[in-house]
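Structural overview
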Amino acid sequence: MAKRQNEQLKNQIQDIILNDLSIIKSIVEAVSTMIVEKLSSDECFISKVADSVVSQPKFVETTVNSFEVQSAVKQEIYESLSFDYKNLNESFEKTKNICEELHNKNESLIEELDGLEQYGRRNCILLHGVPETSREETDKVALKIINEKLNIQLGESDLDRSHRLRGNNRAGVNTRSNKPAKPRPIIIKFVSHNVRSEVFMAKRKLKGSGLGISESLTRRRMELYAVVSKHLNVKSAWTLDGRIIALLKGSSEKKVVVEKKKDLSKLS
């Protein structure tokens, strides 16, 4: 009777377990955990499994093949990168050469334009230090100084035109320094280059008068003149017909003509 009851109870428990998936899942997880913990704590078992795996021919073959594949891939990547680097380096060198060529051509064009602009100023001079007045006539002001100070008799027909250079500092006070503003130079264009040269060569007669005469230079040549004047090897510098002439220091006192930036190498 008891045996029969045990069998019935066993069957009931079996039916409950088989019909409830959650119970089966819990049992499987518990058993799996116990097995893993048991195996992981048994170093001897783990060592035997490892030795067995390593000794298998397929494992060795797979490992070797994997290593060979990795080496081949690395070599292919290296060759690909080397090829790309070579191409990039060649492209860089070509681009660099093109840039240098364009730079040189640009410099040549700038120098040609500067030469043309300076040639257009060949009949001009700048008259410095002349006080500014309202409603002044610069032609008459310039002729008076040329006739009286330089003792060169010219008339209005010898002048093409004249005017004050543009600038923010008018006659009056300099707003930055609160000092009397310097008068703007008068640019004078002569009809004849010969007359212009005669006036320019007589500029020394204005020494001590507060007045001065200089050539009308392009911005590029003005900057170049400033560099030449401050050069350590230059004793003095001046301009003549748009050219910058430098007198070098030393016993020889050699004169050097500077018209372009590359001419600065002559000063060393």
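In the block above lies the structure referred to throughout.
Structural notes, computed from the coordinates.

What counts and how
Residues numbered from 1 in each chain as written. Predicted model: local features only at pLDDT ≥ 70, side-chain atom pairs only at ≥ 80, totals over all residues. Heavy atoms only, no water. Helix = DSSP H or I, 4+ residues; strand = E, 2+ residues; numbered from the N terminus. Contact = heavy atoms within 4.5 Å. Buried < 20%, exposed > 50% of the residue type's maximum accessible area, 1.4 Å probe, protein only. Arc of directions from axis to C-beta. Polar contact = N/O pair within 3.5 Å; in protein donor to acceptor, adjacent residues only side chain to side chain. Pairing = 2+ DSSP bridges. Axes fitted to C-alpha atoms, helices over the stretch in contact; angles between N-to-C directions.

**Quick word on the environment of Cys 124**
- Relative to the helices and strands, Cys 124 resides in strand β1 (residues 124-128).
- The residues touching Cys 124, leaving out its near neighbours within four places in the chain, are Ile 187, Ile 188, Lys 189, Arg 196 and Ser 216.

**Focus: helix α6 (residues 193-201)**
- Looking only at α6, the buried set comprises Val 195, Arg 196, Val 199 and Phe 200. Mapping the buried residues of α6 onto a view down its axis gives an arc of 135°, with all of them on the same face. Exposed residues pointing more than 90 degrees away from the buried face of α6 are listed as Asn 194 and Met 201.
- Check the buried side of α6 and you find it contacts β1, α5 (138-149), β3 (186-190), β4 (212-215) and β5 (234-240).
- Where α6 begins, the capping side chain belongs to Ser 192, and its oxygen is found 3.1 Å from the backbone nitrogen of Asn 194.

**With respect to the sheet that holds strand β6 (residues 243-248)**
- In spatial order, the strands read β5-β6-β7; together these three strands make up an open sheet with antiparallel pairing. Edge positions in the sheet fall to β5 and β7 (255-258), since each of these pairs with one other strand and no more. Each neighbouring strand pair of the sheet contributes to a mean axis angle of 25°, computed without reference to strand direction.
- Pairing analysis gives four bridges linking β6 to β7, with the strands arranged antiparallel. Looking across to β7, one finds that Ala 246 is bridged to Val 256.

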